[in-house]
Amino acid sequence: MSWLTDEPKDRRLDNPPLALVVCQVRHETEYAASDAARALRIKDSLDWQTELNESVTQGVNVALGQSFGLTASQTPAMRGWQLRSSDGGWIVNIQPDHFAIETTAYEGWEKFKQRLGMLIQAVGENISPSLRHRVGLRFVNQIGYPNVESPQDWKECIGEVIYQEKLYSSLGSSLKAAMQVFEVTAPDGNTLVMRHGFQASGHGESMTYVLDNDCSRTGSLKFDASEILGIVESLHKLSLRAFEMGTSEALRKYLGEEDS
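The rules we used
- Residues numbered from 1 in each chain as written.
- Predicted model: local features only at pLDDT ≥ 70, side-chain atom pairs only at ≥ 80, totals over all residues.
- Heavy atoms only, no water.
- Helix = DSSP H or I, 4+ residues; strand = E, 2+ residues; numbered from the N terminus.
- Expected span 1.5 Å × (residues − 1).
- Buried < 20%, exposed > 50% of the residue type's maximum accessible area, 1.4 Å probe, protein only.
- Contact = heavy atoms within 4.5 Å.
- Salt bridge = Lys/Arg side-chain N within 4 Å of Asp/Glu carboxyl O.
- Axes fitted to C-alpha atoms, helices over the stretch in contact; angles between N-to-C directions.
- Parallel < 35°, antiparallel > 145°, perpendicular 65-115°, else oblique.
- Left-handed = near helix turned anticlockwise from the far one by under 90°.
- Nonpolar A, V, L, I, M, F, W, Y, C, P; charged D, E, K, R; others polar.
- Pairing = 2+ DSSP bridges.
- Core = buried A, V, L, I, M, F, W, Y, C linked by side-chain atoms within 4.5 Å.

S.K.: I'd like to hear about helix H2 (residues 109-126), residue by residue, with values.
M.R.: Relative to the 26 Å expected for 18 residues at 1.5 Å per residue, H2 spans 26 Å between its end C-alpha atoms, a close match to the ideal helical length. Along H2, the positions that sit buried rather than exposed are Trp109, Phe112, Arg115, Leu116, Gly117, Leu119, Ile120, Ala122, Val123 and Asn126. Contact partners of the buried residues in H2: strand E1 (18-27), helix H1 (36-45), strand E6 (90-95), strand E7 (98-103), strand E8 (131-143) and helix H4 (225-246). In the stretch just after H2, serine 128 is the one whose phi turns positive, near 55 degrees.

Quick look at the structure:
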């Protein structure tokens, strides 16, 4: 698909519709991540104030047959940590098999990348995973637009490549929600999973369109902080291109896109 290879634009929007931005890196299981002293060192290496909280995950065994039963797994419980900013806008999760950073207060790619880079470096120095299995970057947009009362009203806003005009027109006002998911192979060994569609916020309220772009690269290779950041840059470029494909020029102008 040609739109995956075009050079995207890193837009500045006065009113970005981002509800959540997440980057997760999965690696081999390292129980060193459960150590409180290591978690504290990671906390101290970040450039923003956070509160440290413990999280414990216990696996279960599921028995299927004539009788159904759940029993606690013999595998030791996995202890991890959550670092949360005072306003809750930034959260870091540290688990034995992965770490992640997420924000509901996105202020642009450079700030997000800076904080992600600090986290990757700190995990590499204090937990020392040998392999990275998967790098994922997800942007969840929740889009609102004036005077949208029916599915057909989204035609002006959503990119024509993904807008489901035939479906929306045929079902008309009887259609209250719709969501489509598709997965495509992208350049550089990346994958894009796009979830998009609309849902009414409530009775008599306006509709919200969700554009959820989940980009990733899998493969068990050496854990290298600079290489992982390079992968994340590639995923960011893919997510920008997906946003271009999923939105119209009219919508981007409404969101406050700056002129070139």
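Having seen the structure, we can now continue with the description.
S.K.: Describe in detail the pattern of salt bridges, supporting the description with residues and values.
M.R.: A side chain with one charge can pair with a side chain of the opposite charge if their charged atoms come near. Overall, the coordinates contain 20 salt bridges when judged by the stated rule. Notably, a salt bridge pairs glutamate 257 with arginine 11, separated by 2.8 Å at the nearest N-O pair. Here the residue glutamate 257 occupies a position in the segment after helix H5 (249-254), and arginine 11 occupies one in the segment before E1, the gap between them amounting to 246 residues. With relative accessibility at 17%, the residue arginine 11 sits in the buried group. In this structure, glutamate 244 and arginine 241 form a salt bridge, with 2.3 Å as the shortest nitrogen-oxygen distance. Placement of both glutamate 244 and arginine 241 in helix H4 is noted, with a separation of three residues, approximately one turn of the helix. Both residues of the pair, glutamate 244 and arginine 241, belong to the buried class. One salt-bridge network, held together by shared partners, links Lys9, Arg11, Arg241, Glu244, Arg252 and Glu257.

S.K.: Break down the packing of H1 against H2 for me, with residues and values.
M.R.: Two elements in contact, H1 and H2, have axes whose closest approach is 9 Å; the angle formed by their N-to-C orientations is 150 degrees. With respect to their mutual orientation, H1 and H2 come out roughly antiparallel. H2 is crossed by H1, and the crossing has right-handed handedness. Across the interface between the two elements, Arg38, Arg41, Ile42 and Ser45 of H1 pack against Met118, Leu119, Ala122, Val123 and Asn126 of H2. When its residues are assigned to classes, the contact of H1 with H2 shows five nonpolar, two polar and two charged.

S.K.: Outline unusual backbone geometry, listing residues and values.
M.R.: Of note in this structure, serine 128 is not a glycine but carries a positive phi near 55 degrees. By secondary structure assignment, the location of serine 128 is in the loop between H2 and E8. Serine 128 gets classed as partly exposed once you look at its relative accessible area, which sits at 39%. Phi angles above zero are rare outside glycine, and aspartate 188 is one such case at about 65 degrees. By secondary structure assignment, the location of aspartate 188 is in the loop between strand E9 (177-185) and strand E10 (191-200). Looking at aspartate 188, the relative accessible area reads 57%, which means it is exposed.

S.K.: A description of the sheet that holds E9 should follow, citing residues and the corresponding values.
M.R.: Spatial strand order, E2-E5-E6-E7-E1-E8-E11-E10-E9: nine strands in an open sheet with antiparallel pairing. The sheet terminates laterally at strand E2 (50-57) and E9, the two strands that pair on one side only. Strand-to-strand, the axes of this sheet are offset by a mean angle of 15 degrees, without reference to chain direction. Two strands pair when backbone bridges link them, and E10 and strand E11 (residues 207-222) are joined in this way by ten bridges, in the antiparallel orientation.

S.K.: Summarise the pairing of E6; cite the residues concerned and give the values.
M.R.: Burial of E6 is extensive: six of the six residues sit out of reach of the surface. Here E6 shows no split at all, with Trp90, Val92 and Ile94 on one side and Ile91, Asn93 and Gln95 on the other all buried. Examined bridge by bridge, strand E5 (residues 78-85) and E6 share four bridges and lie antiparallel to one another. Bridge pairing in E6 links glutamine 82 to asparagine 93. Counted between consecutive antiparallel strands, the loop separating E5 from E6 contains four residues, among which glycine 88 sits at a positive phi close to 75 degrees. In textbook terms, the turn of a hairpin is the stretch between consecutive antiparallel strands, and for E6 and E7 this stretch comprises two residues.

S.K.: Could you give me a rundown of the nonpolar core, with the residues and numbers involved?
M.R.: In this structure, Ile101 and Trp154 are the most contacted members of the largest nonpolar core, which totals 59 residues. Here this core takes nine residues from H4, the largest share from any one element. Leaving out residues up to four positions away in the same chain, tryptophan 154 has contacts with Ile143, Gly144, Tyr145, Val148, Tyr163, Phe198, Met207, Thr208 and Tyr209.

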